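This is what each chain is made of:
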Amino acid sequence: MKHYEERIDLLYELPIVELLDLWFNRRNGKYAVRCTTGGAGEETVLWMTFRQFSSFLRQCTLHNRNDGLYARYLGLNFIYTVFGEPIRGSDYRLARCFDPVTKMLHRPVPIPLEVPAHVPIDETLLDLAQD
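Values in this document were obtained by computation on a predicted structure and should not be read as measured data.

What counts as what
- Residues numbered from 1 in each chain as written.
- Predicted model: local features only at pLDDT ≥ 70, side-chain atom pairs only at ≥ 80, totals over all residues.
- Heavy atoms only, no water.
- Helix = DSSP H or I, 4+ residues; strand = E, 2+ residues; numbered from the N terminus.
- Buried < 20%, exposed > 50% of the residue type's maximum accessible area, 1.4 Å probe, protein only.
- Contact = heavy atoms within 4.5 Å.
- Areas by Shrake-Rupley, 256 points an atom, 1.4 Å probe, with all protein chains shown as cover.
- Pairing = 2+ DSSP bridges.
- Axes fitted to C-alpha atoms, helices over the stretch in contact; angles between N-to-C directions.
- Core = buried A, V, L, I, M, F, W, Y, C linked by side-chain atoms within 4.5 Å.
- Expected span 1.5 Å × (residues − 1).
- Arc of directions from axis to C-beta.

Can you lay out the overall build of the protein chain for me, pointing to particular residues and giving the numbers?
Counting its regular elements, the protein chain contains 1 helix and 7 strands. The order of helices and strands in the protein chain, counted from the N terminus, is β-β-β-α-β-β-β-β. Residues classed as buried in the protein chain amount to 29% of the 131 residues present. Sequence separation of 24 or more characterises 43% of the internal contacts of the protein chain that already satisfy a separation of 6 or more. Carbon and sulfur atoms make up 54% of the accessible area of the protein chain, which totals about 10400 Å².

The structure is reproduced here in structure tokens:
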């Protein structure tokens, strides 16, 4: 008799490259972290309990250039985030903008740039062709 149930007991980690969004879902009482994972930049949503999310925020503040954050999975179930090998181009700054009291993400407002009055252009770049 064949068993068609497959148990996935594989433990693996996905590199978290960049944080895209953070929010709290009032329906299920969980926090969500939308991020790009892996080398190809696939988007993934990690659903976290309060304990997992507070640990994740702490890891983001402790992050330095020598560490990367990885989402550890057991089969299809997310367990928690761990430090690991450095991840090129990783960016976890958005975690600093999440207010745990209001459970809201307050995105930073970019500094307005002034339009320069005059931009000098090198004469070698000018198109001197005659029609």
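Give a detailed account of the sheet that holds strand S3 (residues 42-48), specifying residues and quantitative values.
Within the open sheet, the 5 strands sit side by side as S3-S2-S1-S4-S5. Their pairing is antiparallel. Across the chains shown, the open sheet's two edge strands, defined by having one partner strand only, are S3 and strand S5 (77-84). Between one strand and the next, the sheet's axes are offset by a mean angle of 45°, whatever the strand orientation. Pairing of strand S4 (residues 68-74) with S5, which is carried by 7 bridges, proceeds in the antiparallel orientation. Following the sheet pairing, Ala71 is matched in S5 by Thr81. Contacts from helix H1 (residues 50-62) reach strand S1 (11-25), strand S2 (30-37), S3, S4 and S5 within the one sheet, and its direction differs from that of S5 by about 20°.

Could you give an account of the nonpolar core, with specific residues and numbers?
Ranked by size, the top nonpolar core spans 27 residues in total, and within it Ile16, Leu19, Leu22, Val33, Leu46, Phe53 and Phe56 carry the most contacts. When contributions to this core are tallied by element, the ones reaching two or more residues are S1, S2, S3, H1, S4 and S5. The dominant element in this core, judged by the number of residues it contributes, is S1, at 5 residues. Residues within four places of Leu46 in sequence aside, it is in contact with Ile16, Tyr31, Ala32, Val33, Cys35, Ala71, Tyr73 and Phe78.

Would you mind going over H1 in detail, with residue names and values included?
Given a rise of 1.5 Å per residue, 13 residues ought to cover 18 Å, and the 18 Å separating the end C-alpha atoms of H1 matches this to within 8%. Regarding H1, the residues found buried are Phe53, Phe56, Leu57, Gln59 and Cys60. Mapping the buried residues of H1 onto a view down its axis gives an arc of 160°, with all of them on the same face. Turned more than 90 degrees from where H1 packs its buried face, Phe50, Arg51, Thr61 and Leu62 sit exposed. On the buried face of H1, the contacting elements are S1, S2, S3, S4, S5 and strand S6 (98-99).

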